[in-house]
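Listed below, chain by chain, are the residues.
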Amino acid sequence: MWIVRHKKIFFIISGILLAASIALIAAFGLRFGIEFSGGTLVEATFTERPEKAEITPSLENIREGISVQLQTTGDGGYLVRTPFLSEDEQGALTSTIEAAGGTVERISSIGPSIGNELRSKAAVAIAVVLLVIILFVAYAFRKVSEPVSSWKYGFVAIGALIHDVLIPTGAFALLGHLVGYEVDVLFVMALLAILGYSVNDTIVVFDRIRENLQINSEKNTDEPFEETVGRSLSQTYTRSINTSLTTVLVLVALYIFGATSTEHFALTLIIGAIAGTYSSIFFASPLLVQIEKWQRKKES
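What counts, and where the lines are drawn
Residues numbered from 1 in each chain as written. Predicted model: local features only at pLDDT ≥ 70, side-chain atom pairs only at ≥ 80, totals over all residues. Heavy atoms only, no water. Pairing = 2+ DSSP bridges. Helix = DSSP H or I, 4+ residues; strand = E, 2+ residues; numbered from the N terminus. Axes fitted to C-alpha atoms, helices over the stretch in contact; angles between N-to-C directions. Contact = heavy atoms within 4.5 Å. Core = buried A, V, L, I, M, F, W, Y, C linked by side-chain atoms within 4.5 Å. Buried < 20%, exposed > 50% of the residue type's maximum accessible area, 1.4 Å probe, protein only. 1 Å grid on protein atoms, 1.4 Å probe; cavity = no way out; pocket = protein on both sides within 12 Å on 5 of 7 lines; lining within 4 Å. Points joined across faces, edges and corners; volume = space filled by probe spheres on them. Nonpolar A, V, L, I, M, F, W, Y, C, P; charged D, E, K, R; others polar. Expected span 1.5 Å × (residues − 1). Patch = residues over 30% accessible without salt bridge, like charges linked within 9 Å, V, L, I, M, F, W, Y side chains within 5 Å. Areas by Shrake-Rupley, 256 points an atom, 1.4 Å probe, with all protein chains shown as cover. Salt bridge = Lys/Arg side-chain N within 4 Å of Asp/Glu carboxyl O. Polar contact = N/O pair within 3.5 Å; in protein donor to acceptor, adjacent residues only side chain to side chain. Phe/Tyr/Trp six-rings, centres within 6.5 Å; stacked < 30°, edge-to-face > 60°. Lys NZ or Arg CZ within 6 Å of the ring centre and 35° of its normal.

K.L.:
Is there a simple way to explain the sheet that holds strand β1 (residues 39–46) in this structure?
P.N.:
Hydrogen bonds between backbone groups are what pair the strands of a sheet, and the pairing can be parallel or antiparallel. Taken together, the four strands give an open sheet; going across it, the order is β2-β3-β1-β4, and neighbouring strands pair in antiparallel fashion. Both edges of this open sheet fall to β2 (69–73) and β4 (102–110), since each of them pairs with a single strand only. Sheet twist, expressed as the average angle between the axes of neighbouring strands with direction ignored, equals 20°. Two strands pair when backbone bridges link them, and β2 and strand β3 (residues 77–82) are joined in this way by five bridges, in the antiparallel orientation. In the strand pairing of β3, Leu70 is matched with Val80. Strands β1, β2 and β3 of the sheet are contacted by helix α4 (residues 52–60), whose axis makes an angle of about 140° with β2. With respect to the sheet, helix α5 (residues 87–99) is in contact with β1 and β4, its orientation differing from that of β4 by roughly 155°.

Structure, rendered in C-alpha cells:
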C-alpha cells in the first residue's frame, strides 16, 4: 500500500511535529491551572461587564503585591485568578466585585502543596496507563512471534501514544504563551481519553495484521511482511478515518457551542483525536515494517 511505500515521508512529518512540540514545551513551558499550581479562582458575572483596566486595580488592592488575571467569559463575566487567598481576602474580593456591579457565582481555592500533589498524581496516572497498555498489547499479541515479536507491538503502540500526547501538550504550551491557555484537571482527563482512543485505533490495525499473518501461515503463503501490513491498512484505514471524523465533528460542535468551561477540554480532544488517527495509520504500522527491516538486516 502507498502508506507503507512512502513511510519515510510520514516519519519525517511525525518527527517534525514531535520536535516542534518538544521545542514549544521547552521554550514556553505549561501554564498550570490552580488545580496544579495552587491559587484561587472566582467566576463573576456582570450586568454590564467593566473593562479589565477599570476593575483590576481595585482587585489588586485586597493584598499588597498580589497579581490578578482576568479572563472574559461568554456570559458577560470574568474568571478571576489570583494566588491563594485566605477567607478574609476572598470576602474582600467578593465585596470588590459586588461594588463593581457583579455577582460572584463560584469560588475555588487550592493550596500550593495540594496543587503539587495533584500534579504528581496526574503524572503517575499517565505513566501507569502507558505501562498497563504496553503489558496488555504484549499479552494480546503473545502468539505473534514472527516476523516481529509481540512485545515490539507494545512498544510501537507506546511510541504512537507518546506521539499523541506530546502534540496536544505542545499545542497547549504555544496557546498558553499566546492566549493564556492553562493545563488543568480536564486537560489531564482529555489526555487519558486520548490514550484510550488512540490505542484502540492502533490495536484495530495491529489485530488485522495479526489475522492476516495467521491466514498466511495457515495457507503457507510466503507474503512479505511489508505487503501484509499494507494490505491490513487498506482493510482498516477507511473505518478509522470515518470513525475519527465523526468524533472530531462532535468535538468541534462541543467546542463551538458548549460551555466555556469545556472549551479547552474539547480542543485537547480534537487535537489528540487527529494526532491519534494519524499515528495509528501513518506512524505505528509503518514503524512495524521498519523494525522488521532492521531485524532482517541484522540477521543477514
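After that view, the rundown keeps rolling.
K.L.:
Mind showing me how you'd approach the nonpolar core here?
P.N.:
Note that soluble globular proteins tend to have their nonpolar side chains buried in a common cluster. Ranked by size, the top nonpolar core spans 56 residues in total, and within it Val137, Tyr153, Phe206, Ile209, Phe225 and Leu288 carry the most contacts. By residue number, the principal contributor to this core is helix α10 (residues 263–299), which donates 15 residues. Among all residues touching Leu288, those that are not within four sequence positions of it are Val148, Tyr153, Val156, Phe206, Ile209 and Phe225. Judged by nonpolar contacts, the second largest core, of 14 residues, contains Ala44, Phe46, Ile55 and Ile62.

K.L.:
Help me out: how do you make sense of the layout of surface pockets in this one?
P.N.:
One simple way to see leftover space: roll a probe sized like a water molecule over the atoms. One number sums up the size of the largest pocket: a volume of about 460 Å³. Around the largest pocket, the lining comprises 19 residues; the ones closest to its centre are Leu79, Arg81, Arg106, Thr260 and Ser261. The class makeup of the residues in the lining of the largest pocket is five nonpolar, six polar and eight charged.

K.L.:
Explanation requested: helix α7 (residues 150–179) in the structure shown.
P.N.:
Structurally, the α-helix is built with 3.6 residues per turn, so residues lying three or four positions apart point the same way. With 30 residues, α7 extends 44 Å between its outermost C-alpha atoms, agreeing within 8% with the 44 Å of an ideal straight helix rising 1.5 Å per residue. Backbone geometry just downstream of α7 places Gly180 in the positive-phi region, at approximately 80°.

K.L.:
Looking at this structure, how should I read unusual backbone geometry?
P.N.:
Trans is the common state for peptide bonds, and a negative phi is the common state for residues other than glycine. Positive phi outside glycine occurs at Asn220, with the angle close to 55°. As for its position among the elements, Asn220 is in the loop between α8 (185–219) and α9 (225–257).

K.L.:
Explain a nonpolar patch on the surface to me, please; I cannot follow it from the model alone.
P.N.:
Residues Phe28, Leu174, Leu178 and Val179 make up a contiguous nonpolar surface patch of roughly 360 Å² in combined accessible area. Per element, the largest residue contribution to the nonpolar patch is three residues, and it comes from α7. Its location among the elements puts Val179 in helix α7. Residue classification places Val179 among the exposed positions, given a relative accessible area of 55%.

K.L.:
Help me understand the environment of Glu182 in this model?
P.N.:
Among the secondary structure elements, Glu182 is positioned in the loop between α7 and α8. The buried category is assigned to Glu182, whose relative accessible area is 12%. Distance from Glu182 to Phe32, taken between C-alpha atoms, is 5.3 Å for residues 150 residues apart in sequence. With near-sequence residues (within four places) excluded, Glu182 lies in contact with Arg31, Phe32, Gly33, Gln69, Arg81, Phe172 and His264. A polar contact is formed between the side chain of Glu182 and the side chain of Arg81, at a distance of 2.8 Å.

K.L.:
Quick question: what am I supposed to make of the pattern of salt bridges here?
P.N.:
If the charged atoms of two oppositely charged side chains come close together, the side chains can form a pair. Inspection of every chain in the model, using the stated rule, returns seven salt bridges. In this structure, Glu43 and Arg106 form a salt bridge, with 3.2 Å as the shortest nitrogen-oxygen distance. In this pair, Glu43 is assigned in strand β1 and Arg106 in strand β4, connecting sequence segments 63 residues apart. On the basis of relative accessible area, Glu43 is assigned to the partly exposed category, the value being 22%. Overall, the relative accessible area of 36% leaves Arg106 in the partly exposed class. The closest approach of N and O atoms between Arg63 and Glu89, which form a salt bridge, is 3.0 Å. Here Arg63 is found in the loop between α4 and β2, whereas its partner Glu89 is found in helix α5, with 26 residues between them in sequence. On the basis of relative accessibility, which here comes to 27%, the residue Arg63 falls in the partly exposed class.

K.L.:
Please explain the packing of aromatic side chains as it appears in this structure.
P.N.:
Pairs of aromatic rings are described using the distance from one ring centre to the other and the angle between the two planes. Within the structure shown, the criterion is met by eight aromatic pairs. Ring centres 4.7 Å apart and planes at 45° place the aromatic pair Phe10 and Phe282 in the tilted group. With Phe10 in helix α2 (residues 7–28) and Phe282 in helix α10, this residue pair connects regions lying 272 residues apart in the sequence. Across this residue pair, the class does not change: Phe10 and Phe282 are buried. Seen in terms of ring centroids, Phe46 and Tyr78 are 5.9 Å apart; in terms of plane orientation they differ by 75°. Their pairing is edge-to-face. You can see Phe46 sitting in strand β1 and its partner Tyr78 sitting in strand β3, a full 32 residues away along the chain. In this structure, Phe46 and Tyr78 share a single accessibility class: buried. Ring-pair connections join several aromatic residues into one group, and the members of that group are Phe10, Tyr278 and Phe282. Taking NZ or CZ as reference, Arg49 lies 5.7 Å from the ring centre of Tyr78, over its face.

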